[in-house]
Amino acid sequence: SRANKDQHIAYARELAGLHGQTGEKVEPESLATCPSKSKAGGKSKRPKKRKPRIYVPYEAEVMEALEKLKGDKLPNLYNSICSISLESHTPIVAIGAWALFESLSAAAGRNIGTDFPSFFNKSRLQNYGLAAGKGDKAINDALRRVSTSGDVTKHDGGAALFNGQQLINDMETLKNLLVKCAEEALSKKT
């Protein structure tokens, strides 16, 4: 401001007196043409935001295990879960995942009065060679989420699962469980 003009001049002279200052006038440059700090070795660019995945990843090992059971229901359910876009259809995929675990665990011997998270108890996980103790927490949490979200989505008038990224992570966490459960179901058929 004009009221501080004398202070500004004094400050500018003080800056001009600093070591390394030439007093030479330089033509103004547009900020748009100045090299960015990242190119000049300063701060690096921020990482690009990753695009969210929109499909549950298809695992050939899971499909092969389900196809050994003979029948169309389980392979078709799994194929649908992996083929339907989560962008607009997460609730229907959640119900499909719930149905896959319900049907597969029933084929492996689950009683009607037992929910599938309870069927996959610590002993069964150990028999499958999957993580036990503190290591089974991720599996149990994923099972509970698939069970609860599928059940709520199917039965409640307003609540549903809309977090497709969590469903993807849960299905990836449960991949080996699906394969081992299919193997158990196959052993019950023979």
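What you are looking at is a predicted structure, and each value in this text was computed from that prediction instead of being measured.

Can you help me understand the packing of helix α4 (residues 86–107) against helix α8 (residues 164–173) in this one?
In a packed pair of helices, the relevant descriptors are the angle between the two axes and the axis-to-axis distance. Where α4 contacts α8, the axes come no closer than 9 Å and their chain directions differ by 35°. Relative to α8, α4 is oriented so that their crossing is left-handed. Along the contact surface, α4 presents L86, T90, V93, A94, A97, L100 and F101, while α8 presents G164, L167, I168 and M171.

How do you make sense of the environment of A138 when you look at a structure like this?
Structurally, A138 can be placed in helix α7 (residues 137–155). With a relative accessible area of 43%, A138 lands in the partly exposed category. As for A138 and D170, which are separated by 32 residues in sequence, their C-alpha atoms are 8.7 Å apart.

For this particular structure, what's the right way to read the environment of D115?
Along the chain, D115 falls in the loop between α4 and α5 (116–119). Sequence separation between D115 and E102 is 13 residues; the distance between their C-alpha atoms is 7.9 Å. Among the polar contacts made by the side chain of D115, one reaches the side chain of S118 at a distance of 2.5 Å.

Reading the values: the criteria
Residues numbered from 1 in each chain as written. Predicted model: local features only at pLDDT ≥ 70, side-chain atom pairs only at ≥ 80, totals over all residues. Heavy atoms only, no water. Axes fitted to C-alpha atoms, helices over the stretch in contact; angles between N-to-C directions. Helix = DSSP H or I, 4+ residues; strand = E, 2+ residues; numbered from the N terminus. Left-handed = near helix turned anticlockwise from the far one by under 90°. Contact = heavy atoms within 4.5 Å. Buried < 20%, exposed > 50% of the residue type's maximum accessible area, 1.4 Å probe, protein only. Polar contact = N/O pair within 3.5 Å; in protein donor to acceptor, adjacent residues only side chain to side chain.

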